[in-house]
Amino acid sequence: MKTQRWFTPWLLLGPAVVWLLVFNLWPAINTVVLAFTNAKPLGGGSFTGLANFERMLNDEQLVYALVNSIVYMLVCLPLLLFLPLLLAVLLEKKLPGITFFRTAFYTPVIASAVVVALIWTWLLEDRGLVNGLAQQLGFITEPLPFLSGRWLLLFSAISLTVWKGLGYYMIIYLSALGNVSRQLHEAAAVDGAGSVRRFWSVTVPGVRTTMLLVSVLITVSALRVFTELFVLTNGTGGPGGRDMSVVMLIQMYSRGFTGHLGYASALSLLLFVITVGPMLLLLRLNRKAA
Amino acid sequence: MRTRLAGLALSSAVLTVLAGCGLSDTDSSDEQVTTTGEIKGTVTLQTWALKPKFTDYMQGVIDGFEEKYPGTTVEWLDQPGEGYSEKVLSQAASGQLPDVTNLPPDFALPLAEQGLLLDVDQADDKLRDEYVDGAVASYEFAGQTGVYGYPWYLNTDVNYWNSELLSQYGLDVTKLPTTVEELVAQARIVKEKSDGKIHLMSRKPGVEDLTQAGVDILSSDGKKFVFNTPEAVAVLDTYRDAFAEGLLPRNVLTDAYLGNMELFKKQQVAWTTGGGNSINDIKVDNPTLAEKVVASPTIGTPPLYTQGLSVSKRSENLPTAIALARWVTSPENQAAFAEVVPGIFPSTIASAEDPQFSVSDGSNVGDAKKIAFTSLAEAQMLKPVVVDQAMDDFIKQQFSLAISGEITSKEALDKAVDKCNELLND
């Protein structure tokens, strides 16, 4: 007896498909549509062709935002790729009390990014703990402009990201390290390889796939950085807005009743493209290496 | 194949419908609406963060309205302070704007441009006779004919000084600065005598400071920004030189609104500006400081901050909505509100002589209130409402660069004007 019609799967899939279209695909398509208009939050936008993209070419703020986002990614990527791995190797050992250290390193991950950034603001401001201590100890005579210097501010934010991300990526590596063959380590040790050699020749190749995943995650989150810079700069993107990221720039244009949604959408598209680019490159490199 | 085609057709249909919504325009028709008629029925009133602190007051006002106009019901919605603009925006975009909504002028402008708010000047003959001119003018927008809100309560800034720090660093609290030049001179004394530990000045200039210096921000027809003048250059140069001398803390370059008040409360700076009731906030955060605070009139033209009630043009019960907005903003109800919230002032002409505002009880709280109320007579909106968030951010960024000496003041002003004009014409 035939009990299934051609539309039965569609009936079953229907709600999920509608959900997907409305809440996933529709906002993405709408962003693309808006990027070619001068839309405002209350409507009234008209088609402006490539005007928003032409505007990007002369946008000095965009240059700063792009440079900052790329610097952010280039500095964060190696640091967060290897430091958590080293940490995971150290914390993998079954020693008494090691769970405490694993938990301690994971604590910043649980803390809210805003709270963490606020604490760092208090630490790094001119009259904060870091400058105060450094002055007391005679290392510096004037406070270092951690929150008001063009590059120092950016690197303060990067430090915060690295500090907060260490525990997260460490946990990913810890689970991957469990799959690295113990026999290979023992064989390498018998052959006379020291711990550094074993790390590069056994551990790193063993977790290569995980490193690729971690690279993609770091790249995406570094290019989309917002909270750290926003809180450390009181929402201004640094002196003259020169430390803002692309996400902050998008936010700047899309806020409020008169938000410039067309340009903000065009910037979102650009961010999407520059985020997808490095990801594809990493995947390609991995395929070649495999 | 048939299945695949059906799936494609379904997806296409949904996408077409959704994509069609992308640029849907809010109705901005100039349709005539009936504003007169019997006052009865249900209307909604939306306020901004008045619950729970002022619930009793507002409920009393609402009860009074329902008593005065039997057969009316007011549904009161109070939105939290955080995210209020987003809430109103979503209400407006979805056609769910309450009948009467608390909107400051900058929130009202885009709604008025979309034809969503009632021109209360046209609907109410007595508007201009009963409310102070400056407050009514807050709801008149360049390029729009009409007034798009009943002014509610007003505020302005006064100067607050830490008398203890001033005396400690050799300044006379009876000879407070009245010009920017005097302020800079006294800031120099404080810096030198405190060995750079305390600052007097702690804010960078904004558009408001250019207006105070007599600079026109917009052209007379409101279609172009024109504030890149030699007078504006002089204002920025003054601050740039002061910054270079170390008379301002470095973090003013990344400071957000009220940054100077926060530093004042921490007693790291000796001067701040604030509303007429700011001493009450200082009392909460730093009670010992509050006793030492001395108030004085703001330097230059005092700013005017207006809150108002706008009426939705799409209200199904306009006569009642107008009556409610008038009732909430009546002299009696505003005077009672100002009693509950020290430091805010009524927008009605009838309140001008009220001694609760014009006479100080001798305390620094009373002095600040009196100074603020007196200042309102000459207060102006120093930043045109057309300056939106993106423009304001860009202007602040350019001013930061000028003050830090990275670019010249003229370059900063030229860039700011160009960007603002680009955004204005967007």
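The structure displayed is predicted, hence computed values, not measured ones.

(A) Here's a closer look at the layout of surface pockets. Residue and element names in this part refer to chain B. Of the voids in this model, the second largest pocket is the one considered here, and its volume is about 710 Å³. Lining the second largest pocket we find 27 residues, and of these A142, L218, P384, V385 and V386 sit closest to its centre. Elements with a minimum of two residues in the lining of the second largest pocket: α4 (105-113) and α7 (133-137). A per-class count over the lining of the second largest pocket returns 13 nonpolar, eight polar and six charged. Mapping the lining of the second largest pocket onto the domain boundaries places at least three of its residues in each of domain 1 (41-155 + 304-378) and domain 2 (158-302 + 381-425).

(B) Region of the structure containing the nonpolar core. A:Y72, A:Y253, B:L200, B:L210, B:F225 and B:F227 are the most contacted members of the largest nonpolar core, which has 113 residues in total. Excluding residues that lie within four positions of it along the chain, B:F225 makes contacts with B:I217, B:L218, B:V386, B:V387, B:M391, B:V417, B:C420, B:N421 and B:L424.

(C) Spatial organisation of unusual backbone geometry. Residue and element names in this part refer to chain B. In this structure, the amide linkage connecting K51 to the following residue, P52, adopts the cis form with an omega of -5°. Along the polypeptide, P52 turns up in the loop between β1 (41-48) and α2 (55-68). In this model, A49 sits at a positive phi of 55°, which is unusual for a non-glycine residue. Within the secondary structure, A49 sits in the loop between β1 and α2.

(D) Geometry of the environment of B:R203. All names here are of chain B. Here R203 lies in the loop between α9 (180-193) and α10 (207-212). Through-space distance from the C-alpha of R203 to that of N260 is 6.0 Å; in sequence the pair is 57 residues apart. Leaving out residues up to four positions away in the same chain, R203 has contacts with D209, Y239, L248, V252, N260, W271 and T273.

(E) Structural context of the interface of chain B and chain A. Chain B puts 48 residues into the contact, and the matching count from chain A is 47 residues. Both faces considered, chain B and chain A share a buried interface measuring about 4,300 Å² in area, 60% of it formed by carbon and sulfur atoms. Put simply, A:R242 and B:E406 hold a salt bridge, and the shortest N to O gap is 2.5 Å. At ten residues, helix α1 (residues 2-21) of chain B tops the list of elements feeding residues into the side of chain B that touches chain A. Across the side of chain B that touches chain A, the residue classes break down as 23 nonpolar, twelve polar and 13 charged.

(F) Spatial organisation of the domain arrangement of chain B. Residues and elements named next belong to chain B. Parsing chain B into structural domains produces domain 1 (41-155 + 304-378) and domain 2 (158-302 + 381-425). Each of domain 1 and domain 2 has a C-alpha centre, and the two are 29 Å apart. On the domain 2 side, the residues contacting the 19 residues of domain 1 number 20 residues. For the pairing of domain 1 and domain 2, the buried interface totals around 1,500 Å² over both sides, and the portion due to carbon and sulfur atoms is 65%. For the pair domain 1 and domain 2, the number of links is zero salt bridges.

(G) Just the UniProt feature "transmembrane region" (unreviewed entry) in chain A, in detail. Residue and element names in this part refer to chain A. Within this structure's numbering, the places UniProt gives as "transmembrane region" (unreviewed entry) are residues 63-91, 103-123, 151-174, 207-226 and 261-283. With 80% helix and 0% strand, the stretch residues 207-226 has end C-alpha atoms that lie 30 Å from each other. Helix makes up 100% of residues 261-283 and strand 0%, whereas the separation of the span's terminal C-alpha atoms amounts to 33 Å.

(H) Fine view of the side chain of B:N364. Residue and element names in this part refer to chain B. Its location among the elements puts N364 in helix α18 (residues 364-375). Reaching out from N364, the side chain makes a polar contact with the backbone oxygen of V293 at a distance of 3.0 Å. The contact partners of N364, leaving out residues within four places of it in the chain, are I279, A290, E291 and V293.

(I) Looking closely at α9(B). Residues and elements named next belong to chain B. Its 14 residues give α9 an end-to-end C-alpha distance of 20 Å, which sits within 8% of 20 Å, the value for a rise of 1.5 Å per residue. Of the positions making up α9, those classed as buried are L183, V184, Q186, A187 and V190. Summarising the contacts, the buried residues of α9 are in contact with β5 (157-162), α11 (230-244) and β6 (271-275).

(J) Examining the pattern of salt bridges more closely. Applying the stated criterion to the full structure yields 24 salt bridges over all chains. We note a salt bridge from B:R188 to B:E245, for which the minimum N-O separation is 2.7 Å. Here B:E245 lies in the loop between α11 and α12 (259-265) and B:R188 lies in helix α9, a separation of 57 residues in the sequence. Residue B:R188 is classed as partly exposed on the basis of its relative accessible area, which comes to 30%. Relative accessible area serves as the criterion here: at 32%, B:E245 is assigned to the partly exposed category. Within this structure, A:R55, A:D59, B:K419, B:E422 and B:D426 form a network of salt bridges that share partners.

(K) Highlighting the UniProt feature "domain: ABC transmembrane type-1" (unreviewed entry) in chain A. Mapped onto this structure's residue numbering, the UniProt feature "domain: ABC transmembrane type-1" (unreviewed entry) falls at residues 66-282 of chain A. Helix makes up 75% of residues 66-282 of chain A and strand 0%, and the two end C-alpha atoms of the span are 20 Å apart.

(L) Geometry of the confidence of the model for chain A. Of the residues in chain A, 98% reach a pLDDT of 70 or more, and the chain-wide mean stands at 90. Ranking the elements of chain A by mean pLDDT puts helix α8 (residues 182-190) of chain A last with 86 and helix α12 (residues 246-254) of chain A first with 95.

Conventions and cut-offs
Residues numbered from 1 in each chain as written. Chains lettered and ligands numbered in written order. Predicted model: local features only at pLDDT ≥ 70, side-chain atom pairs only at ≥ 80, totals over all residues. Heavy atoms only, no water. 1 Å grid on protein atoms, 1.4 Å probe; cavity = no way out; pocket = protein on both sides within 12 Å on 5 of 7 lines; lining within 4 Å. Points joined across faces, edges and corners; volume = space filled by probe spheres on them. Helix = DSSP H or I, 4+ residues; strand = E, 2+ residues; numbered from the N terminus. Nonpolar A, V, L, I, M, F, W, Y, C, P; charged D, E, K, R; others polar. Domains from an automatic or database assignment. Core = buried A, V, L, I, M, F, W, Y, C linked by side-chain atoms within 4.5 Å. Buried < 20%, exposed > 50% of the residue type's maximum accessible area, 1.4 Å probe, protein only. Contact = heavy atoms within 4.5 Å. Buried area = accessible area lost by both parts, 1.4 Å probe. Salt bridge = Lys/Arg side-chain N within 4 Å of Asp/Glu carboxyl O. UniProt positions renumbered as here; feature names shortened; annotations may be inferred. Polar contact = N/O pair within 3.5 Å; in protein donor to acceptor, adjacent residues only side chain to side chain. Expected span 1.5 Å × (residues − 1). pLDDT = per-residue confidence, 0-100.

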